[in-house]
Amino acid sequence: MPDLTSVRLVSGLGGAFLFSARPKELAGWYAAHLGFAFEGDGESTFYQVFFALDPERPDRKLDTHFGIMRANEDFARPAPAEEPDSMYGDQPFMLNVRTDDLDALIARLEAGGVAVLQRQDESYGRFAWVRDPDGNRVELYQPLAAP
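Residue positions are counted from 1 within each chain, in the order its sequence is given. Local features are withheld for residues below a pLDDT of 70 in this predicted model, meaning they are given only at 70 or higher, and side-chain atom pairs are given and counted only at 80 or more; totals for whole chains, interfaces and linings count all residues. Hydrogens and water molecules were not included; the side-chain quantities draw on all heavy atoms of the structure.

Engineer: Quick question: what am I supposed to make of the overall build of the protein chain here?
Structural biologist: Numbering of helices and strands runs from the N terminus, with a helix taken as a DSSP run of H or I at least four residues long and a strand as a DSSP run of E at least two residues long. Tallying secondary structure elements over the protein chain gives two helices and eight strands in all. Going from the N terminus to the C terminus, the protein chain shows its helices and strands as β-α-β-β-β-β-α-β-β-β. The principal-axis extents of the C-alpha atoms in the protein chain amount to approximately 50 × 45 × 30 Å. Only protein chains enter the accessibility calculation, which uses a 1.4 Å probe. A residue is then buried if its area is under 20% of the maximum for its type, exposed if over 50%, and partly exposed in between. For the protein chain, with 147 residues in total, the buried portion stands at 31%. The contact rule is simple, with two residues in contact once any of their heavy atoms fall within 4.5 Å. Sequence separation of at least 24 residues holds for 53% of the intrachain contacts in the protein chain that already meet a minimum separation of 6. In the form shown here, the protein chain has an accessible surface area of approximately 9400 Å², with 54% of it arising from carbon and sulfur atoms. For the purpose of charge, His is not counted, nor are the chain termini; Lys and Arg are scored as positive and Asp and Glu as negative. Just so you know, the charge point we use is NZ for Lys, CZ for Arg, CG for Asp and CD for Glu. Mean positive and mean negative side-chain charge positions of the protein chain (14 and 24 charges, respectively) differ by 4 Å. In short, Shrake-Rupley with a 1.4 Å probe defines the accessible areas, and a residue's cover is counted only from the protein chains shown.

Here it is, written out as structure tokens:
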């Protein structure tokens, strides 16, 4: 087996993909409420690409895709009758979306009829959580400036 101690095995996250029986509806919700600007075929595949520069190789762009695609089956699940105290650990995954202005995003969501489940401020960032139409909990995150 080769020595992998000097090899960077993972350099970042290439993408996150949601599978939905109703991808057009779900992508419409993410566009309307969170401002995503999707490309794709407009029916079963939607994606947005985010770019950053590789800190070790500034001449190289890194891309991360957020995609919504048609699922082979319906994974949607209804929101629980009562939300848990902790927003972590009770579902198989959670999408975290970063914002520069959590208060403005929350105002937009509430104006659009989206319920904010919980808010929490930490020393490193501010958080809030909502559910998308498929019942997925989405974490909204505003990083705080370094002291």
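Let's pick the thread back up.
Engineer: What exactly am I supposed to notice about the pattern of salt bridges here?
Structural biologist: Definition used for salt bridges: Asp or Glu carboxyl oxygen within 4 Å of a side-chain nitrogen of Lys or Arg. Taken as a whole, this structure holds ten salt bridges when the rule is applied. Of the charged contacts, one joins R131 and E83 as a salt bridge, the two residues approaching to 2.8 Å between their closest N and O atoms. Here E83 lies in the loop between β4 (57-70) and β5 (95-98) and R131 lies in strand β7 (residues 125-131), a separation of 48 residues in the sequence. A single salt-bridge network, built from bridges that share partners, covers E83, D90, R131 and R137.

Engineer: Looking at this structure, how should I read a nonpolar patch on the surface?
Structural biologist: Together, F17, F19 and F75 line one region of the surface with nonpolar side chains, adding up to about 330 Å² of accessible area. With respect to the helices, strands and loops of the structure, F19 is situated in strand β1 (residues 15-20). Looking at F19, the relative accessible area reads 43%, which means it is partly exposed. Note on patches: the residues involved have over 30% relative accessible area and no salt bridge, like charges join within 9 Å, and the nonpolar side chains Val, Leu, Ile, Met, Phe, Trp and Tyr join within 5 Å.

Engineer: I tried to follow helix α1 (residues 23-34) on my own but got confused; where do I start?
Structural biologist: Spacing of three or four residues puts side chains on the same side of an α-helix, whose turn is 3.6 residues. Across its twelve residues, α1 extends 16 Å between first and last C-alpha, which sits within 8% of the 16 Å expected from 1.5 Å per residue. Those residues of α1 that sit buried are P23, L26, A27, W29, Y30, H33 and L34. Angular distribution of buried residues about the axis of α1 spans 155 degrees; they occupy a single face of the element. One or two residues past the end of α1 sits G35, with phi positive at roughly 80 degrees. Here a helix's expected span is defined as the number of its residues, less one, multiplied by 1.5 Å. Working note: the arc is built from the helix axis to C-beta atom directions.

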